[in-house]
Amino acid sequence: MESSQRVTDPAEPLDRFLFDGHYRKSDMTVKWQALKPQRHDNKTSVYLTNRMSVAAIWALGAQVAVERNQPLRGRTRCPNRAVIIVGLFVELDPPPDNHACICGWPPVEDEPSVMEIAQELAASCSKVETPPPDHWRSPE
Amino acid sequence: MNYLMNSTTVTNVTQRGSVGSGTFHALSAKRSPILLPEGSWEHALFGGLSFKYKPLQGDFLVGHWPGTTRPLNEVIAGFYDFASQWYPLDLLVWVPHTSPWILYGWSKEPLQSVSVSVTLSPASIEEPQKTIWFGWTASADAATTGIQTGIDQPAHPRQRILDALDELMARGSAANWDGYGAPPVEPLAKAGAKHFIDLLGAKLPEPEVALAPGAITFDWYINPRWIFSVSVSDDRKVHYAGLFGTDKMSGTVELTGALPEIMELGIRRAASGVVAESH
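So, how was this worked out
Residues numbered from 1 in each chain as written. Chains lettered and ligands numbered in written order. Predicted model: local features only at pLDDT ≥ 70, side-chain atom pairs only at ≥ 80, totals over all residues. Heavy atoms only, no water. Helix = DSSP H or I, 4+ residues; strand = E, 2+ residues; numbered from the N terminus. Buried < 20%, exposed > 50% of the residue type's maximum accessible area, 1.4 Å probe, protein only. Contact = heavy atoms within 4.5 Å. Salt bridge = Lys/Arg side-chain N within 4 Å of Asp/Glu carboxyl O. Pairing = 2+ DSSP bridges. Axes fitted to C-alpha atoms, helices over the stretch in contact; angles between N-to-C directions. Buried area = accessible area lost by both parts, 1.4 Å probe. Polar contact = N/O pair within 3.5 Å; in protein donor to acceptor, adjacent residues only side chain to side chain. Nonpolar A, V, L, I, M, F, W, Y, C, P; charged D, E, K, R; others polar.

Some thoughts on the environment of Lys31 of chain A
Secondary-structure assignment places Lys31 of chain A in the loop between strand S4 (29–30) and strand S5 (44–48). With a relative accessible area of 9%, Lys31 of chain A lands in the buried category. Sequence spacing of Lys31 of chain A and Ala123 of chain A is 92 residues, and the spatial spacing of their C-alpha atoms is 8.7 Å. Not counting residues within four places of it along the chain, the set of residues in contact with Lys31 of chain A comprises Gly21, His22, Tyr23, Arg24 and Ala122 of chain A together with Glu208 and Ala210 of chain B.

So, the pattern of salt bridges
Proximity of charged atoms lets side chains of opposite charge pair with each other. Overall, the coordinates contain 18 salt bridges over all chains when judged by the stated rule. One network of salt bridges, with partners in common, ties together Asp15, Arg75, Arg77 and Glu129 of chain A.

Some remarks on the sheet that holds strand S11 (residues 226–232) of chain B
As a general point, the strands of a sheet are linked pairwise by backbone hydrogen bonds and lie either parallel or antiparallel. All names here are of chain B. Taken in spatial order, the five strands of this open sheet run S9-S10-S11-S12-S13, and their pairing is antiparallel. A single partner strand is all that each edge strand has here, and the edge strands are strand S9 (208–212) and strand S13 (247–254). Within this sheet the neighbouring strands show an average axis-to-axis angle of 20 degrees, counted without direction. Bridge count for S11 against strand S12 (residues 237–244) is seven bridges, and the pairing is antiparallel. Looking at the pairing, Phe228 lines up with Gly242 of S12. Contacting S9 and strand S10 (215–223), helix H3 (residues 157–172) runs over the sheet at an angle of about 20 degrees to S9.

Section: the interface of chain A and chain B
Counting residues at the interface gives 32 residues for chain A, matched by 45 residues for chain B. Taking both partners together, chain A and chain B bury about 3,300 Å²; carbon and sulfur atoms supply 49% of that area. Looking at the side of chain A facing chain B, the largest losses of area belong to Lys25, Ser26 and Gln119 of chain A, adding up to 17% of the total buried there. Our count for the contact surface shared by chain A and chain B stands at six salt bridges. Residue Glu120 of chain A is joined to Lys248 of chain B by a salt bridge in which the shortest nitrogen-to-oxygen separation is 3.1 Å. Seen at the junction of chain A and chain B, the total is 23 residue pairs in polar contact (both at pLDDT 80 or more). Contributions of two or more residues to the side of chain A that touches chain B are made by strand S2 (13–18), strand S3 (23–24) and helix H3 (111–124) of chain A. Examining the composition of the side of chain A that touches chain B, we find that seven residues originate from one element, H3 of chain A, more than from any other. In terms of residue class, the side of chain A that touches chain B is built from eight nonpolar, 11 polar and 13 charged.

Focus on the side chain of Lys36 of chain A
With respect to the helices, strands and loops of the structure, Lys36 of chain A is situated in the loop between S4 and S5. For Lys36 of chain A, a relative accessible area of 3% puts it in the buried group. Reaching out from Lys36 of chain A, the side chain makes a polar contact with the side chain of Glu111 of chain A at a distance of 3.0 Å. Ignoring any residue separated from it by four or fewer positions in sequence, one finds Lys36 of chain A in contact with Thr44, Glu111 and Val114 of chain A together with Ala212, Pro213 and Ala215 of chain B.

Take a look at the structure:
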């Protein structure tokens, strides 16, 4: 992957859509498990949402949910800065153009290190927001 | 237990914090939950809140961790999570009531009385250092309604964890259970998780059980920066990671016949909370 595809702006917001119950309803915090990379590629899928309206983000989430055949449960946001601080990085991974992946995780065999980083990352994420009742509608 | 029946318009705050309204038959308890000596109650840590309950008489008390500054709406959401282990969520509604008691929930169906009460007054909201206990009571006839079987004798913590594990395995047995292409959870992971649950015993606090790609996990959680987690992906070893403020710990240990000491330390440190360590 060329470095030009790396997202370098620390302020870039990254949205992670949640399709499993990976958040605590008690305080709406995301669980670290939601950020753990997949074993087959060791990456965590996110979307760059800097210039998107809230309605457009939910519309995107609804579209992703259809593609992934899972109901959308919520979303959390983490600044790229938090990713950089824990020693990871974000690379663009289209399509769509604003899809990206958190990369640079320790090898999957090093589960304790992966957990440790995922805990740190989860602690930097925003409170989870749940979809509005009409989130499946297209943004106006 | 005796209840007074009233009809009232209420505001329904769901666990997600969305607000709606409707008219229900409210049940206001004639008596308040009675606080008995500490030894008569059981304690549980759930979602970062300390719960105190006495299941044998159908009374439950739910409380802030002493010194917590968590907003009331988070406590309410935590209560819903805890109460929903015994009561269907759709039968619980939040009802402001005259001080000092606030009913928090009951069955929407007439005569099926499930009430929840809270000893929270405006003054106590102003005093975050004070331990505030919430509670609910269930009517004597609730056991015959079929709504909340087991209300008088909640499942043993170990059984609750096993039940949660079974529920997760049912969902995690299909590929893409997380929407990101996670493979089905391996049977070996379940075997390892059950072994780990057996090692926890009854004296350690109850964990949150969850799935992660390739693993079954257990969390002892106070807040995002105060958490101890265990990950089990087979029946031979367990991984752990703890975040305690700026302190971290992590590693891998063999799954043997006893809970590794380092894990017990991590669990107890997480459960003791930030407040305990600051004193």
